[in-house]
Amino acid sequence: MKGRVLEANHVACEIFGYTRSKMLGKHIKDLRTNIHLTEFGQQIEKLKQTGYFIFEMDSLRRDGTVVPQEINNRLIEYDGETAVLS
C-alpha cells in the first residue's frame, strides 16, 4: 500500500530487467515513467474504494527502455497486511 515491491515473480523480473533480490523493496515510482506521488495516491484511493483498478502505464526497465503495459491491481492480504497484487 506504500508502493514498495514485496514480492516479484520471474516474469516481472524479466520485464523490468532486475534480479528478484534487486526488485524487492523498489518503489513503484522507480519502475514507471512520469509518475507523481499525487497520481500514485489517487490510484491507491481507487483501490481502497473498489478493491481493484486497471490502468495503462509505461514501465521503465533497468536499462532505461520503456515498455507499455496494462496493469490489473487487486487488494489482497499479504503477511497479515493489506497489499496490492499487480
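Structure report, in brief. Predicted, not measured: the structure shown is a model, and the values here were computed from it.

Looking only at helices and strands, the protein features three helices and three strands. Reading the protein from its N end, one meets helices and strands in the order α-α-α-β-β-β. For 86 residues, the compact-globule formula gives about 12 Å, and the C-alpha radius of gyration of the protein, at 13 Å, lands near that figure. Seen through its C-alpha atoms, the protein measures out along the principal axes to roughly 35 × 25 × 20 Å. Across the 86 residues of the protein, 28% fall into the buried class. Partitioning the contacts of the protein with sequence separation of at least 6, the portion at a separation of at least 24 is 37%. For the protein, the accessible area works out to roughly 6000 Å², and carbon and sulfur atoms hold 50% of it. For the protein, the distance from the average position of its 12 positive side-chain charges to the average position of its 12 negative side-chain charges is 5 Å.

So, on to the pairing of strand β3 (residues 81-85). As judged from the five bridges shared by strand β2 (residues 66-78) and β3, these two strands associate in the antiparallel manner. Paired with R74 across the strands is L85, a residue of β3.

Let us look at the sheet that holds β2. Here three strands make up an open sheet; going across it, the order is β1-β2-β3 and the pairing antiparallel. A strand with exactly one partner marks an edge of an open sheet, and here the two such strands are β1 (52-60) and β3. Ignoring which end each strand starts from, the neighbouring axes of this sheet average 35° apart.

Another point: the side chain of Q43. Among the structural elements, Q43 can be located in helix α3 (residues 37-50). Only 3.0 Å separates the side chain of Q43 from the side chain of R32, close enough to count as a polar contact. Once residues lying within four places of it in the same chain are set aside, the contact partners of Q43 are R32, F53 and F55.

Positioned with a positive phi, D79 is a non-glycine residue whose angle comes to about 55°. Tracing the sequence through the fold places D79 in the loop between β2 and β3. Since its relative accessible area comes to 69%, D79 is described here as exposed.

Calculation rules
- Residues numbered from 1 in each chain as written.
- Predicted model: local features only at pLDDT ≥ 70, side-chain atom pairs only at ≥ 80, totals over all residues.
- Heavy atoms only, no water.
- Helix = DSSP H or I, 4+ residues; strand = E, 2+ residues; numbered from the N terminus.
- Rg over C-alpha atoms; globule rule 2.2 N^0.38 Å.
- Buried < 20%, exposed > 50% of the residue type's maximum accessible area, 1.4 Å probe, protein only.
- Contact = heavy atoms within 4.5 Å.
- Areas by Shrake-Rupley, 256 points an atom, 1.4 Å probe, with all protein chains shown as cover.
- Lys, Arg positive; Asp, Glu negative; His and termini not counted.
- Charge placed at Lys NZ, Arg CZ, Asp CG, Glu CD.
- Pairing = 2+ DSSP bridges.
- Axes fitted to C-alpha atoms, helices over the stretch in contact; angles between N-to-C directions.
- Polar contact = N/O pair within 3.5 Å; in protein donor to acceptor, adjacent residues only side chain to side chain.

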